[in-house]
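# Fold and contact review
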Amino acid sequence: MMQVSQNTAVLDRATDGNALAAGKAAPERPFLTLWWKLVDTRIGVIPVPIYVILVALIAGFIATGKLPTEICMVIAILAVCGYTCAEFGKRLPVFRNIGAAAIFATFIPSYLAYKHLLPDQLFTVVTDFTKSSNFLYLFISAIIVGSILGMDRNVLVKGFLKIFVPLAIGSVAAGIVGTLVGMAMGMSAYHSFFFVVVPIMAGGVGEGAIPLSIGYSEILHVPQGELFAQVLPPVMLGSLTAILLSGALNYVGKRRPHLTGEGRLQPAGDDDLHAPAHPEMTGASAVSTLAAAGITAIALYLVGLMCHRLFGLPAPVSMLFLAVLVKLLRAVSPDLQQGAYVVYKFFSTAVTYPLLFAIGVAMTPWDKLVSAFTVPYMVTIVATVVTLMGTGFVVGRYLGMYPIEAAIVNACHSGQGGTGDVAILTAANRMQLMPFAQIATRIGGAITVTAVLIVLAHIV
């Protein structure tokens, strides 16, 4: 009898092992089959039973009057809330094809925070964590380093050199068209250009609107706060327009495959993101390699941060060029390149929507966005962004790049800084373009602000 029981136990274990290996439950256990099916059903990356448990726990902690501020709780809040908002967007007819998930994950929490519809404890925990940890730059570091190390090194250089052409031509065209449209809508050329068009292409809030308003204040002798309130709404609405149009381009790319490389900038076929060709990592070596890749990305960002303190160059830009240099010099092994690629895939898959939720709550003022919803402002902003992206599309195609990818990179020039890049590329489903997006946002924005302040100083 004992032997029969042991044999039965062995058989059960073998059956379970085979079922796990095959990805399905044994047929004689229908309840277990249904349960595994439920576990494999996910909201974002969260299994449904875990999602229910997390929602109950978050609600319970809020009901007790004290929501823990430790990182595990913050991760749970961001994951549940971010993926919930994104799921609503993914299920909207028509709009789900033009980036509704990214828009919902960013702007629904912004609205809820503005209307005080989020529990105060949750709002405080998310805001404090987002601003104190600055984990947006951890995300950008992983995306940039992983995507650069996953590119073909020869085509990488060609792509970086080429992208400046549609970016420069698009900026000039957008400046001209936006100003003319603003004048046609009843605004002066001065106001249209300096307070609507330029803020759109200034590089976001921290690196764009703030230094731009400080420069305007010194030149015009007007309080910086008043000027910042004027230049911020175009930044917000310009970013929203770029998100919508990039999502639309993703839809167009599915209907017209010859116009897109699905994230590849050039048709050569070598500049797409890929895992370097060598045997797959397994076991402890895989974990070690992933950890090494992650700390390498952090180290490059910290070097960039030091460059910012010493030379004033934005940390993400410094990190970007350092990553390119590391790639070109073959300073990292193929194993580390593959590890960086996996780190990139993890962050782009698991962290994007939680990050967008945090950005919406802590860094996206709903009232500033709504204040730009006037007909003259909206028409001028849309015309500016459309011209910027349309020029990128045409010029990129002429230069032998995929036109949709070139247009999306140009769209990032009108985004809300790093947060806008994440939202735009998420809506377009092309996160691997992040290195080029950073060029458009950081370098393009810095050149725009510097050039405009020089011009303003000479005409005032």
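Above this text sits the structure in question.
Residues numbered from 1 in each chain as written. Predicted model: local features only at pLDDT ≥ 70, side-chain atom pairs only at ≥ 80, totals over all residues. Heavy atoms only, no water.

### Digging into the overall build of the protein
Quick reminder of the rule: Secondary structure elements follow DSSP: runs of H or I no shorter than four residues count as helices, runs of E no shorter than two count as strands, and numbering proceeds from the N terminus. Exposure classes here rest on a 1.4 Å probe applied to the protein chains alone. A residue is buried below 20% of its type maximum, exposed above 50%, and partly exposed in between. Note on definitions: a residue-residue contact is assigned when non-hydrogen atoms from the two residues lie within 4.5 Å. A 1.4 Å probe and the Shrake-Rupley method give the accessible areas. Residues count as covered only by the protein chains that appear here.
On a plain count of helices and strands, the protein comes out with 19 helices and 2 strands. Relative to its 460 residues, the protein shows a buried fraction of 50%. Within the protein, contacts between residues at least 6 apart in sequence are counted, and of these 76% link residues at least 24 apart. Put simply, the protein shows about 20900 Å² of open surface, and 69% of that area lies on carbon and sulfur atoms.

### Description of the nonpolar core
Nonpolar side chains in soluble globular proteins generally cluster together in the buried interior. Note the following rule: Among the buried residues, those of types Ala, Val, Leu, Ile, Met, Phe, Trp, Tyr and Cys that are joined through side-chain atoms within 4.5 Å form a nonpolar core.
Grouped together as the largest cluster of nonpolar side chains are 116 residues, with contacts concentrated most on I77, L122 and F139. If you tally residues by element for this core, the top one is helix 14 (residues 334–363), at 15 residues. Core analysis: the second largest hydrophobic core is formed by 15 residues, A202, A209, Y216 and V235 among them.

### Focus on helix 6 (residues 120–133)
Just so we agree on the cut-off: Every helix has an expected span of 1.5 Å times one less than the residues it contains.
For helix 6, built from 14 residues, the straight-helix expectation of 20 Å at 1.5 Å per residue is met to within 8% by its first-to-last C-alpha distance of 20 Å. Buried residues of helix 6: L122, V125, V126, T127, F129 and T130, and no others. Along its buried surface, helix 6 packs onto helix 3 (48–63), helix 4 (71–90) and helix 14. One or two positions beyond helix 6, positive phi appears at N134, with a value near 55°.

### A short note on the packing of helix 13 (residues 315–328) against helix 19 (residues 434–459)
Applicable threshold: Each axis is a line fitted through C-alpha atoms, taken for helices only over the stretch in contact, and angles between the N-to-C directions span 0 to 180 degrees. Should an angle fall under 35 degrees it is taken as roughly parallel, and over 145 as roughly antiparallel, whereas 65 to 115 is taken as roughly perpendicular and any remaining angle as oblique. Crossings are classed by handedness, with left-handed meaning an anticlockwise turn of the near helix from the far one by less than a right angle and right-handed meaning a clockwise turn. Lys, Arg, Asp and Glu make up the charged group, whereas Ala, Val, Leu, Ile, Met, Phe, Trp, Tyr, Cys and Pro make up the nonpolar group; the residues left over, Gly among them, are polar.
Contact geometry for helix 13 and helix 19: axes closest at 10 Å, N-to-C directions at 140°. One finds that helix 13 runs oblique with respect to helix 19. Every pair of crossing elements has a handedness; the one defined by helix 13 and helix 19 is left-handed. Packed against helix 13, whose contacting residues are P316, V317, L320 and F321, the element helix 19 presents P435, Q438, I439, R442 and I443 at the interface. For the contact of helix 13 with helix 19, the class distribution of residues is 7 nonpolar, 1 polar and 1 charged.

### Concerning the packing of aromatic side chains
Keep this limit in mind: For this analysis, a ring pair means two rings from Phe, Tyr or Trp (six-membered ring only for Trp) whose centres lie within 6.5 Å, classed as stacked if their planes differ by under 30 degrees, edge-to-face if by over 60, and tilted for the remaining angles.
As enumerated under the stated definition, the model contains 12 aromatic pairs in all. Chaining the aromatic ring pairs together yields one cluster made of Y190, F193, F194, F195 and Y216.

### Quick notes on unusual backbone geometry
Positioned with a positive phi, N134 is a non-glycine residue whose angle comes to about 55°. Structurally, N134 can be placed in the loop between helix 6 and helix 7 (136–149). The backbone of R330 sits at a positive phi, close to 55°, despite the residue not being glycine.

### A short note on the layout of surface pockets
Our working definition: Whether a set of points on the 1 Å grid over the protein atoms alone is a cavity depends on a 1.4 Å probe fitting there but being unable to get out, while an open set qualifies as a pocket with protein on both sides within 12 Å along at least five of seven lines; lining residues are those with an atom within 4 Å of a point. Grid points are joined across faces, edges and corners, and a volume is the space filled by probe spheres set on the points.
As a volume, the largest pocket reaches approximately 570 Å³. Listed by contribution, the elements that provide at least two residues to the lining of the largest pocket are helix 4, helix 5 (100–114), helix 11 (224–255), helix 14 and helix 18 (417–428). The greatest single-element share of the lining of the largest pocket, amounting to 7 residues, is contributed by helix 14. Among the residues making up the lining of the largest pocket, the classes are represented as 14 nonpolar, 10 polar and 5 charged.

### Re a nonpolar patch on the surface
Quick note on the threshold: Residues enter a patch when their relative accessible area is above 30% and they make no salt bridge; the linking distance is 9 Å between like charges and 5 Å between nonpolar side chains (Val, Leu, Ile, Met, Phe, Trp, Tyr). Between Lys or Arg on one side and Asp or Glu on the other, a salt bridge is scored when a side-chain nitrogen of the former is within 4 Å of a carboxyl oxygen of the latter.
The grouping of I50, I53, L57 and F61 at the surface amounts to a nonpolar patch, some 340 Å² of accessible area in total. Within the secondary structure, I53 is located in helix 3.

### Let's talk about the pattern of salt bridges
Within this structure, the stated rule accounts for 3 salt bridges. Measuring nitrogen to oxygen at the nearest pair gives 2.2 Å for the salt bridge that ties E87 to R91. A relative accessible area of 14% places E87 in the buried class. R430 is the salt-bridge partner of E262, the closest N and O atoms lying 3.8 Å from each other. Residue E262 is located in the loop between helix 11 and helix 12 (283–311), and its partner R430 is located in the loop between helix 18 and helix 19; the two are separated by 168 residues in the primary sequence. The class for R430 is buried, based on a relative accessible area of 0%. Each of E262, E405 and R430 takes part in one network of salt bridges that share partners.

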